[in-house]
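Report on the structure
The residues making up each chain are set out below.
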Amino acid sequence: MPSRPASPAVNKAMQKDYEEYNVGVLDIYGFEIFQKNGFEQFCINFVNEKLQQIFIELTLKAEQEEYVQEGIRWSPIDYFNNKIVCDLIESKVNPPGLMSILDDVCATMHAKGEGADQSLLQKLQMAVGTHEHFNSWNKGFIIHHYAGK
């Protein structure tokens, strides 16, 4: 839904008789790490990974490349490019990501009452078990992302 412009009352309430300077900080690292995450928290963390990836691509990577092209003297900023984690979660092929594997398990296990969790873990282990940002055991899996495990 498109946002609407602020109402005249809001604009009037925010108007000041003097000039003011502000610095804003956007905290995009809104990750939550619990002892045990459910699917909802997994999805929230995935969205945060995607937001982090967009921030990296549009701000850190692009700006630093522009500085190099323009010959600007600066100190490079090291950052973790979490594209590898986003691919682990959302890749469609070679290897398929966690969401593709989950989709496959749901499509093939929908008629069965039990075994979906174990089937998911087995398929994840086969597809991405050697991935450097993935670990699994008999009761679940861990993704090593920007904010931790």
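Residues numbered from 1 in each chain as written. Predicted model: local features only at pLDDT ≥ 70, side-chain atom pairs only at ≥ 80, totals over all residues. Heavy atoms only, no water.

1. With respect to the pattern of salt bridges
Under the criterion given, the structure shown has four salt bridges. Across the pair glutamate 57 and lysine 61 runs a salt bridge, and its minimum N-O distance is 3.8 Å. Residue glutamate 57 and its partner lysine 61 are both found in helix H2 (residues 39-70); the two are separated by four residues, about one turn of the helix. Looking at glutamate 57, the relative accessible area reads 29%, which means it is partly exposed. Put simply, aspartate 104 and lysine 123 hold a salt bridge, and the shortest N to O gap is 2.8 Å. Highlighted residues: aspartate 104 in helix H4 (residues 98-109) and lysine 123 in helix H5 (residues 116-128), separated in sequence by 19 residues. (Salt bridge = Lys/Arg side-chain N within 4 Å of Asp/Glu carboxyl O. Helix = DSSP H or I, 4+ residues; strand = E, 2+ residues; numbered from the N terminus. Buried < 20%, exposed > 50% of the residue type's maximum accessible area, 1.4 Å probe, protein only.)

2. What about the packing of H2 against helix H3 (residues 83-90)?
The contact between H2 and H3 brings their axes to 9 Å, and the two run at 140°. As far as their axial angle goes, H3 and H2 are oblique. Note on packing geometry: the crossing formed by H2 with H3 is left-handed. Residue-level contacts link Phe42, Phe46, Glu49, Lys50 and Gln53 of H2 to Lys83, Val85, Cys86, Ile89 and Glu90 of H3. (Axes fitted to C-alpha atoms, helices over the stretch in contact; angles between N-to-C directions. Parallel < 35°, antiparallel > 145°, perpendicular 65-115°, else oblique. Left-handed = near helix turned anticlockwise from the far one by under 90°. Contact = heavy atoms within 4.5 Å.)

3. With respect to the nonpolar core
Grouped together as the largest cluster of nonpolar side chains are 14 residues, with contacts concentrated most on Leu88, Ile89, Leu98, Leu124, Val128 and Ile143. Listing elements by their share of this core, those giving two or more residues are H2, H3, H4 and H5. The element contributing the most residues to this core is H4, with four residues. Residues in contact with isoleucine 143, not counting those within four places in the same chain, are Phe42, Val85, Leu88, Ile89, Leu98, His133, Gly148 and Lys149. (Core = buried A, V, L, I, M, F, W, Y, C linked by side-chain atoms within 4.5 Å.)

4. Some remarks on the packing of H4 against H5
Interaxial distance between H4 and H5 falls to 10 Å at its minimum, and their mutual angle equals 140°. One element, H4, and the other, H5, form an angle in the oblique class. Where H4 crosses over H5, the handedness of that crossing is right-handed. For the pair formed by H4 and H5, the contact residues are Leu98, Ile101, Leu102, Asp104, Val105, Thr108 and Met109 on the first element and Ala116, Ser119, Leu120, Lys123, Leu124, Ala127 and Val128 on the second. Of the residues in the contact of H4 with H5, the class split is ten nonpolar, two polar and two charged. (Nonpolar A, V, L, I, M, F, W, Y, C, P; charged D, E, K, R; others polar.)

5. Describing the pairing of strand E2 (residues 140-143)
Note that strand E1 (residues 134-137) and E2 share four bridges and pair antiparallel. Within E2, the position partnered with tryptophan 137 by the bridge is glycine 140. Linking E1 to E2, which pair antiparallel, is a turn of two residues. (Pairing = 2+ DSSP bridges.)

6. Focus on the packing of aromatic side chains
Following the criterion strictly, the structure yields four aromatic pairs and no others. With a centroid separation of 6.2 Å and an interplanar angle of 85°, the aromatic rings of phenylalanine 42 and phenylalanine 141 are classed as edge-to-face. On the criterion of sequence distance, the pair formed by phenylalanine 42 in helix H2 and phenylalanine 141 in strand E2 is long-range, its members being 99 residues apart. A relative accessible area of 15% places phenylalanine 42 in the buried class. Given the relative accessible area of 29%, phenylalanine 141 is considered partly exposed. Taken together, a centroid distance of 5.8 Å and an interplanar angle of 25° make the contact between phenylalanine 134 and phenylalanine 141 stacked. Through pairs of rings, three or more aromatic residues link up here, namely Phe39, Phe42, Phe134 and Phe141. (Phe/Tyr/Trp six-rings, centres within 6.5 Å; stacked < 30°, edge-to-face > 60°.)

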